[in-house]
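Structural features, examined
Take a look at the letters that make up each chain.
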Amino acid sequence: MKAPFDRVIVVDFETRWDSKDYTLSKMTTEQYIRDPRFKAFGLAYKDLDQEEIVWVTGEDIPAWVESVDWNTTAVVAHNAQFDVAILSWVYGAKPCFIFDTLSMARALRGVELGNSLATLAEHYNLAPKGKAVNNSNGLTELSYEIEQELAEYCKHDVWLCEQILEKLTMEVEGGYPLKELKLIDMTLKMFTNPVLELDKEMLREAIVEEREKREALLEKIKIEESALASNDQFADVLRELGVTPPKKISKTTGKEAYAFAKNDALFQALLNSDNEDVALICEARLKVKSTLERTRAQRFIDIAERGTLPVPLHYYGAHTGRWSASKGSGLNLQNLKRGSFLRKAICAPEGYTLVVCDLSQIEPRVLAYLSDYQPLLQIFASGQDAYAAFGAQMFGIPGLNKKDHADLRQSAKSALLGCGYGMGWTSFSAQLLTGFLGAPPTALHGGQLQTCERERKSMRCIRCYENGVGKRRAALGHLICKPCGEQDALSVRKSWTVMQPYGKGNYQFVTPTTAMSDLRNTNQKDTRGV
């Protein structure tokens, strides 16, 4: 495949900043670059096929940008989200392809080690990144001496970035995978070339509506907002209703504290209490304490005032390899609640349609394939709904489906995905109580449990669809009948091997028959099966 570019340049910007109120440590990248105070002191660049590293002063940047054919030019940067956003938003330059050494390093080294330019320079035994002697903090204009020093500092960063790109590429046999480079490019362009728009009026109306609901709820229960906001006063309110305030051991301090957080299972139990007064007061507490939706709505409005919506995502941002919200972005577009006004406020530009799509049950599909778990693979191969099938086993309801058992299926989805990441029962129970991926809280009461038990007894085998699973097998979580289970067991037994001692400190793998024969001959009682 021919590359979509014929020139590759490494770029690094040096910009104005002020530790008091204009710095990336206190602002998002989008806020910082779109702020009226933004100013580029200059940039350094280097063509990959040339030796010279060039410094371009701030006033000369527009002319330099004009001289480059961006339709055939790719850019390399460390944290390209920042540098390329400046090129795009401030100077109107849109590189045809983006390489980001920070993204590549996260995938190859993991996210726990840190992948700053200085860290990578040390890791690859390169010259240290160093620091500028003269600080540009708070400066709006640079003296000749300070600019020269900043230029050398910036040029060194460009050299380091090029060297790190080479090291990262060499770490992978055959070079860094092209498909992964395309993913990095696409992820960065979602931020640097934003097209999504935000409905400011809808967001403002939603904020007003949320405030009115909160005020109406407070008026109904006749309790001051301050009493609900204070942990001690809220505990007193619960005591007046005859409820002992729930407590937990704080993970932060290790000491006993009130369990009043939204994700605390004991608080969720009160929120779903049969006592309407208790449930109402707990709901009011959440309305008072929960500012997430309001904060997000206001952040959306602020972004809309400045322009279109950049999508701030990190390629390989999580240790599992998934995307994560960009560090310091204050916004995660991956976890907006289903049906929320925040989702509805995101719009396509005029003349376009916004299409929402998703890979169907991709995580359990991949896990089933990697582990060669045939029962789950067969469910996918037959076109069944894996989450519904898991829910049928989990709740003992044959024929459980998305249409008739939406909430239960969503809970089963939480369980199946959680199993893939080793989630414990405490985390799972908390997710059921708080709601999973936008689903409402799920709690099974006496009548529902009896229904589950009746339907469990009549569950049919999901393999042959003829035999019943049987009450005892269903109670143990089986989805298939005894004959089908015995057939599966026979297939598994044929693939068994046994590990036994061989020589001093060594082991060998043999068939069960050989192992039993050796055991009889040598009486090796420490033979172990795996």
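Per chain, residues are indexed from 1 in the order of the written sequence. In keeping with the model being predicted, local features are shown solely for residues with a pLDDT of at least 70 and side-chain atom pairs are shown and tallied solely at 80 or more, while totals for entire chains, interfaces and linings include all residues. To obtain the side-chain values, all non-hydrogen atoms of the structure were used and water was disregarded.

A few words on the packing of aromatic side chains. Think of it this way: a Phe, Tyr or Trp ring, Trp meaning its six-membered ring, pairs with another when their centres are within 6.5 Å, and the plane angle makes it stacked under 30 degrees, edge-to-face over 60, tilted otherwise. With the rule as written, the count across this model stands at 15 aromatic pairs. Considering the side-chain rings of Phe5 and Phe97, the 5.8 Å spacing of their centres and the 45° angle between planes classify their relative orientation as tilted. Residue Phe5 is located in the segment before β1 (7–15), and its partner Phe97 is located in strand β5 (residues 97–100); the two are separated by 92 residues in the primary sequence. Each residue is placed in one exposure class: buried if its accessible area under a 1.4 Å probe, protein chains only, is under 20% of its type's maximum, exposed if it is over 50%, and partly exposed if it falls in between. Overall, the relative accessible area of 8% leaves Phe97 in the buried class. Between Tyr22 and Tyr32, the aromatic rings sit 4.5 Å apart at their centres with planes inclined by 15°, giving stacked as the arrangement. Helix numbers and strand numbers start at the N terminus; a helix is a DSSP run of H or I with at least 4 residues, a strand a run of E with at least 2.

Let us now look at the side chain of Thr29. One can find Thr29 in helix α1 (residues 29–34). Two residues form a contact once any of their heavy atoms are found within 4.5 Å. What Thr29 contacts, discounting residues up to four positions off in sequence, is Leu24, Gln81, Phe82, Trp89 and Phe191.

Quick look at empty space enclosed by the protein now. Gaps left between atoms show up when a probe the size of a water molecule is rolled over them. Buried and open spaces are told apart on a 1 Å grid over the protein atoms alone, a cavity being a set of points where a 1.4 Å probe fits but cannot get out and a pocket being an open set with protein on both sides within 12 Å along at least five of seven lines. Residues with an atom within 4 Å of a point are the lining residues. Grid points are joined across faces, edges and corners, and a volume is the space filled by probe spheres set on the points. One pass over the full model with this rule turns up two cavities of 30 Å³ or more. Considering only enclosed or pocket space, the largest cavity measures out at about 60 Å³ in volume. For the largest cavity, the full set of lining residues is Asn79, Gln81, Asp100, Leu102, Ser103, Arg106, Ile184, Thr187, Leu188, Leu313, His314 and Tyr315. For the lining of the largest cavity, the elements supplying multiple residues, two or more each, are α4 (101–109), α7 (178–192) and β9 (313–314). Polarity classes work like this: nonpolar for Ala, Val, Leu, Ile, Met, Phe, Trp, Tyr, Cys and Pro, charged for Asp, Glu, Lys and Arg, and polar for all others, with Gly in that last group. Broken down by class, the residue content of the lining of the largest cavity amounts to five nonpolar, five polar and two charged.

This brings us to the nonpolar core. To define a nonpolar core, start from buried Ala, Val, Leu, Ile, Met, Phe, Trp, Tyr and Cys residues and group those joined through side-chain atoms within 4.5 Å. Counting residues in hydrophobic clusters, the biggest one holds 60 residues, and the most contacted among them are Phe13, Trp64, Trp70 and Leu87. Among residues more than four places away in sequence, those in contact with Trp64 are Ile9, Val11, Leu43, Tyr45, Val56, Trp70 and Leu87. Counting residues in each nonpolar core, the second largest holds 23 residues, with Ile221, Ala227, Val243 and Leu271 among its members.

Within the patch definition used here, like charges are joined within 9 Å and nonpolar side chains (Val, Leu, Ile, Met, Phe, Trp, Tyr) within 5 Å, considering only residues with over 30% relative accessible area and no salt bridge. Per-residue and other accessible areas were derived by the Shrake-Rupley procedure at a 1.4 Å probe size, with only the shown protein chains allowed to occlude residues. Between Lys or Arg on one side and Asp or Glu on the other, a salt bridge is scored when a side-chain nitrogen of the former is within 4 Å of a carboxyl oxygen of the latter. On the surface, Leu359, Ile362, Val366, Tyr369 and Leu370 cluster together to form a nonpolar patch covering roughly 550 Å² of accessible area. Looking at the element boundaries, Tyr369 is found in helix α15 (residues 362–371). Since its relative accessible area comes to 62%, Tyr369 is described here as exposed.

So, on to the layout of surface pockets. By volume, the second largest pocket amounts to about 1,500 Å³. Leu24, His78, Asn79, Phe82 and Lys129 are, among the 46 residues lining the second largest pocket, the residues nearest its centre. Secondary structure elements with two or more residues in the lining of the second largest pocket: β1, α1, α3 (80–90), α4, α5 (117–123), α6 (144–170) and β10 (324–325). Here the residues of the lining of the second largest pocket are counted per class, giving 19 nonpolar, 19 polar and eight charged.

Attention now goes to the sheet that holds β5. The pairing criterion for strands is at least two bridges between them, as found by DSSP. On the basis of which strands lie adjacent, the open sheet formed by five strands has the order β3-β2-β1-β4-β5 and mixed pairing. Across the chains shown, the open sheet's two edge strands, defined by having one partner strand only, are β3 (54–57) and β5. For this sheet the average axis-to-axis angle between neighbouring strands, irrespective of direction, equals 30°. Note: strand β4 (residues 73–77) against β5, four bridges, orientation parallel. Bridge pairing in β5 places Val76 opposite Phe99. Only C-alpha atoms enter the line fits that serve as axes; for helices the fit covers just the stretch in contact. Angles between N-to-C directions range over 0 to 180 degrees. Contacts from α3 reach β1, β4 and β5 within the one sheet, and its direction differs from that of β1 by about 90°.

So, on to the pattern of salt bridges. Side-chain pairing between opposite charges can occur once the charged atoms of the two side chains come close. Taken as a whole and assessed by the stated rule, the structure comprises 21 salt bridges. Between Glu30 and Arg34 there is a salt bridge, with its nearest N and O atoms 3.0 Å apart. Taken together, the positions of Glu30 and Arg34, both in helix α1 and four residues apart, correspond to about one turn of that helix. With respect to burial, Glu30 and Arg34 carry one shared label: buried.

The next point concerns a negative patch on the surface. A surface patch of negative charge is lined by Glu212, Glu215, Glu224 and Glu225. Here Glu224 lies in the loop between α8 (200–221) and α9 (225–229). The exposed category is assigned to Glu224, whose relative accessible area is 60%. Asp and Glu are treated as the negative residues and Lys and Arg as the positive ones, with His and the ends of the chain left uncounted. Every charge is mapped onto a representative atom, which is NZ of Lys, CZ of Arg, CG of Asp or CD of Glu.

In short, geometric facts, not functional conclusions.
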